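Structural overview for review
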Amino acid sequence: MAHYSYKTQGTCSRMIDIEVDDAGVITGLNFTGGCNGNLKGICALAKGHKAADVKALLGGITCGGKMTSCPDQLAKALEDMGY
């Protein structure tokens, strides 16, 4: 089991805490700050899925005029974790 805390950049959320099991499946996910309902939805959808698959789906998503988003930051965090 791996736990990782990622400080986000360029988003309303400030931190992402991620837990991934030995099979590469996301077992825990929590955002600090940001749009509460949307981020709860992202967490509910990502839990139970392979980290590599979630990274592939969410990487590159932007928010408004920003070059990144909370989903994109999650993908970057998963990349940092080696997925």
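In the nomenclature of an unreviewed UniProt entry, the protein chain corresponds to ribonucleoside-diphosphate reductase from the organism Leyella lascolaii. We quote the UniProt Sequence similarities (unreviewed entry) comment for the protein chain here in full: "Belongs to the ribonucleoside diphosphate reductase class-2 family." The UniProt entry for the protein chain carries the following text under Catalytic activity (unreviewed entry): "a 2'-deoxyribonucleoside 5'-diphosphate + [thioredoxin]-disulfide + H2O = a ribonucleoside 5'-diphosphate + [thioredoxin]-dithiol".

This part covers the pattern of salt bridges. Should the charged atoms of two oppositely charged side chains come close, the side chains can pair. Inspection of every chain in the model, using the stated rule, returns two salt bridges. Ionic pairing is found between Asp72 and Lys76, a salt bridge with its closest N-O pair at 3.7 Å. On the criterion of helical spacing, the pair formed by Asp72 and Lys76 is a turn pair, its members being four residues apart in helix H3 (residues 70-80).

Criteria and cut-off values
Residues numbered from 1 in each chain as written. Predicted model: local features only at pLDDT ≥ 70, side-chain atom pairs only at ≥ 80, totals over all residues. Heavy atoms only, no water. UniProt positions renumbered as here; feature names shortened; annotations may be inferred. Salt bridge = Lys/Arg side-chain N within 4 Å of Asp/Glu carboxyl O. Helix = DSSP H or I, 4+ residues; strand = E, 2+ residues; numbered from the N terminus.

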